[in-house]
Amino acid sequence: MADYNHKHIEPKWQAFWNENQTFKATVDKSKPKFYSLDMFPYPSGAGLHVGHPLGYIASDIVSRFKRNKGFNVLHPMGFDAFGLPAEQYAIQTGQHPAITTKENIDRYKEQLKNIGFSFDWDKEIQTCDPAYYKWTQWIFLRIFNSWYNKATEKAETIDQLVATFAQSGNANVSAACDEDTPSFSADEWNAWSEEEQQRMLLKYRLTYLSETSVNWCPELKTVLSNDEVKDGFSERGGHPVVKKKMKQWSMRITAYAQRLLESLDNLDWSEPLKEMQRNWIGKSIGAELAFPVIGHDLKINVFTTRIDTIFGVTFLSLAPESEMVAELTTEDQKEAVAAYVETAKNRSERDRMSDVKTISGVFTGSYATNPFNGTQIPIWIADYVLAGYGTGAVMAVPCGDQRDYDFAKHFDLPIVPVIEDADISEKSDPTKEGVMMNSGFLNGMSCKDAIAKAIEFAEEKGVGKGKINFRIRDAIFARQRYWGEPVPVYFKNDLPYLVDEADLPIILPEIDKYLPTEDGDPPLARAENFNYTPKGETEAYPLEMSTMPGWAGSSWYWYRYMDAKNDTAFVDKDIQEYWGNVDLYIGGSEHATGHLLYSRFWNKIMYDLGIVNQQEPFKKLINQGMIQGRSNFVYRIKGENKFVSKGLKDDYDTIDMHVDVNIVYNDELNMEAFRKWRPDLANAEFITEENGKYVCGWEVEKMSKSKYNVVNPDDIIERYGADTLRLYEMFLGPLEQFKPWNTNGIDGVSKFLKKLWRLFHNQEGEFAVSDEAPNKAELKVLHKTIKKAEEDIERYSFNTSVSSFMICVNELTALNCNNRQVLADLVVLISPYAPHITEELWSLLGNKESIVNTPYPVLNEEFLQEDEHEYPIAFNGKMRVKMSFAVDKPNAEIQAEVLASKDVQKWLEGKTPKKVIVVPKKIVNIVI
Ligand code: ANZ
């Protein structure tokens, strides 16, 4: 064996790991555990590009490192396999989404395996597998059977609640429940029919059916969650989204708003990510105030963070969706209101909010009274008021709020100044603003005091109270689509009931077409006999026709990995106890307010119900930055099939054209390959640089097919090997940063591995290491690298480790080091990064066991110590000269040598020093 040949080494060790089940993770209480998790991928049809494995490589390095450090590591991989793209493809081609999904998964697995990850494939999960979604359904049963007790601040079972209702009604129950929940006594409860009781319980359950206003995407024929909608269009596909009322499953995440917010503080996540969740949860401290409507037995409640501005209120505004609109609209305003509401309805909330240019609204014709000073104020309907926030009504203070101000200006409504120095260009912040003026009894106070005083007054008068509001809404838990988990619910008299646990899973039925029915029912309505006959009954009832949303399967998957094949529990209790929570989670920040919030939510419910033992699932989380594409360009002379090299393009009238980066090497175009790239280029001509080369331009852009800048890891592996790919991805820059994929530097990494290989081989290419004791210089280089590598990994700084390996190999090469002991430690250090070549070298060193479980080299600081120290020599405290001495040289000898030195003599100018002070390993001070 001579040269380093990745094609020989890599498949060999991958097969070895596979056969020996090297990465199988089983509970072993004699070792500390480490759970290293990647956000599992949705297997798309395009396969992996080099951006996808970035996070996986980082977590793999940590996982392998932790094994070397003596940890029992769980490092699994699986697939988030339900989802829209496979279903869209099914609609177009008729191919069952299960088939497409399987093909895509197979492709992903092959690609992942080529990269040499230390995954325990025995633990693989696929969310679309009935053996998996049985437990997603099982968790749904648990959630349906729970309610949130505000008194104990946790979820409890519905049975407990039912017992309380039977005994004392709901007077003493403090629950997170629907706003319209009435009070009832035990007698009333007990007198109700089973059906009436069930209907009432729906108002309490943590998952419930209710009429909600949803984001409906007519093109995708489904409801989308807020984070799936961007500027009024679906995130996937960019189709228009409209508001629609629909009976939907929701999950009561609002019950957990405060806890989700509080426990963020203790998580080791990046601050920006935590901030995104905080904003999404959106806690607002303010007050609710009631404005009586003149001539009606009706009050308009508003939520305000600035009750202190109450004397500046000049109108009220309602959301166009408000149920009060009809009642408040006077005869002569009817037409105008109807016309306005009709247009507003078709604009999404986001559009209405973000569109600052068009101010629209309409007067209802009615008036309300300011509860503080009795003034009459008109009631308007306004675009900028959201139905779903606060009370859906705003007390408008044009002098304090920009949107109120713009609205007042537009419709010529009065503006009463009540705050001195108010800055209305920004959303009001009570701590920043000036002093109250012309504001009744609040006059002259600071805003903060005025708020406290006004709330006190409102509470005394019974017109309002202090209130905390959250921006977060309950999460819709349904999709009117086929490719998702069936919801384990059937309907009897229009009321939902749970399927018996013993009958899970409810299997996704076969259907003829993956489209809604003619009547607009979801695709599952096409299934024959999609019914359920409860035990002891003969009648079959229809099952729920919507499926679960994309976030269901991913909201608990990390537990399933621990015990992926268990068919009697979602995870065995002891196993779950052992692996605990995830020690390191790596994934994209695009999941900040979706997956990462929903999984914390489910985890908290399961924790409350005693199903899991951790409050928070992901202790440490890192968002890897995206790898951007590095596009290449050629320059076509306008109207011709002629292309000019970059250096000459300014002499011609050209247009830029993206060219496939795979036929460009170090920015030099492969002209032959270019002619073969597309039929219309077969006769392309080139105007090259003087050296005959065609040089391309480049630019950093998103990696995408349309820009021809997608790099497939398979190609890199074929050419350079997986070890080079892994090292190179890390070498590109800090993990969390966005950075372009620039193949130009990959040769350097590939050369490094060849150099490493050569350390173990002689000139003839034979394996040759020496068994002599290592010398000091070699040990110093090694231990310097141990120190750096370990510190870097603990800080997740992988790029700096790679460069320290490069320096180390260069220094050992310069020292002609082929010492067995030094090289053995070195390969262990590099093995988490480049696992194949290091396994090979490890076995060449004569080891029979895999390098994977070899203890990590131990740092010995002694080898790092400098032999010499450079002393600054100071004269009366001023540094003048520097001299080096062995660190163990006695002070007297140092003093003698210093005084004898020519340079020192010069500075002494013939004087005799009064005193010479030697501070060992620090400084020599001469007093003259
Ligand atoms: C009077 C006022 C005066 C307000 C002032 C602000 C400044 P955050 O902090 O986001 O919670 N608001 C309340 N409900 C609304 C709704 N459904 N749609 C649109 N705006 C709404 O914002 C709370 C403030 O946003 C509230 O305080 C209210 O305007 C407005 F100088 O009341 B404020």
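What counts and how
Numbering of residues starts from 1 in each chain and follows the order in which that chain's sequence is written. Reporting in this predicted model follows two pLDDT cut-offs: at least 70 for local features of residues, and 80 or more for side-chain atom pairs to be given and counted; totals over whole chains, interfaces and linings ignore these cut-offs and use all residues. Side-chain measures here rest on the full set of heavy atoms in the structure, leaving out hydrogens and waters. Distances are taken per atom, and a residue is near a molecule or strand as soon as one of its heavy atoms is within 4 Å of it. Think of a polar contact as two N or O atoms within 3.5 Å of one another; within protein, one of them needs to be a possible hydrogen donor and the other a possible acceptor, and neighboring residues in sequence only count if both atoms come from side chains. Computed with a 1.4 Å probe, the accessible areas rest on the Shrake-Rupley method; for each residue, only the protein chains presented here act as cover. To qualify as a nonpolar core, a set must consist of buried Ala, Val, Leu, Ile, Met, Phe, Trp, Tyr and Cys residues joined through side-chain atoms within 4.5 Å. Note on exposure labels: buried denotes an accessible area under 20% of the residue type's maximum, exposed denotes more than 50%, and partly exposed covers the range between, all computed with a 1.4 Å probe on protein chains only. Each helix is a run of DSSP H or I of at least 4 residues and each strand a run of E of at least 2, with the numbering of both proceeding from the N terminus. Should any heavy atoms of two residues lie within 4.5 Å, those residues are counted as being in contact. UniProt positions are given in the numbering used here, feature names are shortened, and annotations may be inferred rather than shown by experiment. When DSSP finds two or more bridges between two strands, those strands count as paired. All axes are obtained by fitting lines to C-alpha atoms, using only the stretch in contact for helices, and the reported angles, taken between N-to-C directions, cover 0 to 180 degrees. Domain delimitation in this document rests on an assignment produced automatically or drawn from a domain database. A side-chain nitrogen of Lys or Arg and a carboxyl oxygen of Asp or Glu constitute a salt bridge if their distance falls within 4 Å. Throughout, the arc means that of the directions going from the helix axis to the C-beta atoms. Patch membership requires more than 30% relative accessible area and the absence of a salt bridge. Residues of like charge join within 9 Å; the nonpolar side chains Val, Leu, Ile, Met, Phe, Trp and Tyr join within 5 Å.

This paragraph deals with the site of the ligand. Near the ligand you find 20 residues, and of these Ser 284, Thr 304, Leu 386, Tyr 389 and Arg 471 are the closest. Contacts to the ligand include Thr 304, whose side-chain N or O atom sits 2.7 Å from an oxygen atom. Taking Leu 386, its main chain carries an N or O atom lying 2.8 Å from a nitrogen atom of the ligand. Taking 650 Å² as the accessible area of the ligand by itself, protein coverage stands at 93%.

We now examine the nonpolar core. Phe 140, Tyr 557, Phe 570, Trp 602 and Leu 826 are the most contacted members of the largest nonpolar core, which totals 180 residues. The greatest single-element share of this core, amounting to nine residues, is contributed by helix 5 (residues 130-144). When near neighbours in sequence (up to four residues on either side) are disregarded, Tyr 557 contacts Leu 37, Asp 38, Met 39, Phe 40, Ile 125, Tyr 132, Tyr 585 and His 595. Within the second largest apolar cluster, 39 residues are counted, among which are Cys 399, Cys 447, Ile 451 and Val 463.

Attention shifts here to the UniProt feature "domain: Aminoacyl-tRNA synthetase class Ia" (unreviewed entry) in the protein chain. Listed under "domain: Aminoacyl-tRNA synthetase class Ia" (unreviewed entry) in the UniProt record, and renumbered for this structure, are residues 12-145 and 701-728. Secondary structure content for residues 12-145 is 51% helix and 7% strand, while the C-alpha to C-alpha distance between its ends is 52 Å. As a span, residues 701-728 carries 54% helix and 4% strand, and end to end its C-alpha atoms are 19 Å apart.

With eight of 10 residues buried, helix 27 (residues 835-844) lies mostly within the body of the structure. Of the positions making up helix 27, those classed as buried are Pro 835, His 836, Ile 837, Thr 838, Glu 839, Glu 840, Leu 841 and Trp 842. Downstream of helix 27 by one or two residues, Gly 846 has phi in the positive range, about 105 degrees.

On to the sheet that holds strand 12 (residues 315-318). Ordered by their spatial adjacency, four strands build an open sheet running 13-14-12-15, and the pairing between neighbours is mixed. Looking at strand neighbours, the two that pair on one side only are strand 13 (361-369) and strand 15 (393-396), the edges of this open sheet. The average undirected angle you get between the axes of adjacent strands in this sheet is 25 degrees. Relative to strand 14 (residues 376-382), strand 13 runs antiparallel, the two sharing six bridges.

What follows covers the domain arrangement of the protein chain. You can read the domains of the protein chain as domain 1 (33-128 + 551-623), domain 2 (138-261 + 475-542), domain 3 (283-470), domain 4 (635-711), domain 5 (723-859) and domain 6 (866-927). The C-alpha centroid of domain 6 is placed 65 Å from the C-alpha centroid of domain 4.

UniProt records the feature "binding site: ATP" (unreviewed entry) for Lys 705 in the present numbering. With respect to the helices, strands and loops of the structure, Lys 705 is situated in the loop between strand 30 (697-701) and helix 21 (713-720).

A few words now on the sheet that holds strand 35 (residues 923-927). An order of 33-32-35-34 is seen for the four strands of this open sheet, with the pairing classed as mixed. Looking at which strands have only one partner, the edges of the open sheet turn out to be strand 33 (878-886) and strand 34 (915-919). Each strand axis lies, on average, 20 degrees off the axis of its neighbour in the sheet, ignoring direction. Pairing geometry for strand 32 (residues 868-875) and strand 35, over three bridges, is parallel. By the bridge assignment for strand 35, Ala 874 is matched with Asn 925.

On the secondary structure map, Thr 547 appears in the loop between strand 21 (541-542) and helix 16 (551-554). Within the local environment of Thr 547, its side chain forms a polar contact with the backbone oxygen of Arg 481, the two atoms lying 2.8 Å apart. Residues within four places of Thr 547 in sequence aside, it is in contact with Phe 477, Ala 478, Arg 479, Arg 481, Tyr 482, Gly 484, Glu 485, Pro 486, Val 487, Leu 508 and Leu 524.

Per the counting criterion, the structure on display carries 45 salt bridges. Residue Lys 203 is joined to Asp 180 by a salt bridge in which the shortest nitrogen-to-oxygen separation is 3.0 Å. Of the two residues, Lys 203 is situated in the loop between helix 8 (194-201) and strand 5 (207-217) and Asp 180 in the loop between helix 6 (158-168) and helix 7 (186-191); the sequence distance between them amounts to 23 residues. Here Arg 306 ties to Asp 308 by a salt bridge, and the two come within 2.6 Å at their closest N and O atoms. Assessed through its relative accessible area of 5%, Arg 306 is described here as buried. Overall, the relative accessible area of 0% leaves Asp 308 in the buried class. Among the charged side chains, a salt-bridge network with shared partners connects Asp 265, Glu 271, Lys 274, Glu 275 and Arg 278.

For the rest of this paragraph, the subject is helix 21. The periodicity of an α-helix, 3.6 residues per turn, causes residues three or four places apart in sequence to face the same way. If you check which residues of helix 21 are buried, you get Pro 713, Ile 716, Ile 717 and Tyr 720. Mapping the buried residues of helix 21 onto a view down its axis gives an arc of 100 degrees, with all of them on the same face. Following helix 21 by one or two positions, Gly 721 has its phi on the positive side, about 100 degrees.

Of note, the amide linkage connecting Leu 504 to Pro 505 takes the cis form, showing an omega dihedral of 0 degrees. By the element assignment, Pro 505 lies in the loop between strand 19 (495-498) and strand 20 (531-532). A positive phi angle, near 65 degrees, is found at Asp 667, a position not held by glycine. Following the sequence through the fold, Asp 667 ends up in the loop between strand 27 (664-665) and strand 28 (668-669). Within the chain, Asn 816 stands out as a residue other than glycine whose phi angle is a positive 55 degrees. Its location among the elements puts Asn 816 in the loop between helix 25 (798-814) and helix 26 (820-830).

A cluster of nonpolar side chains, contributed by Ile 917, Val 919 and Ile 923, occupies part of the molecular surface with about 190 Å² of accessible area. With respect to the helices, strands and loops of the structure, Val 919 is situated in strand 34. In this structure Val 919 comes out as partly exposed when scored by relative accessible area, which is 35%.

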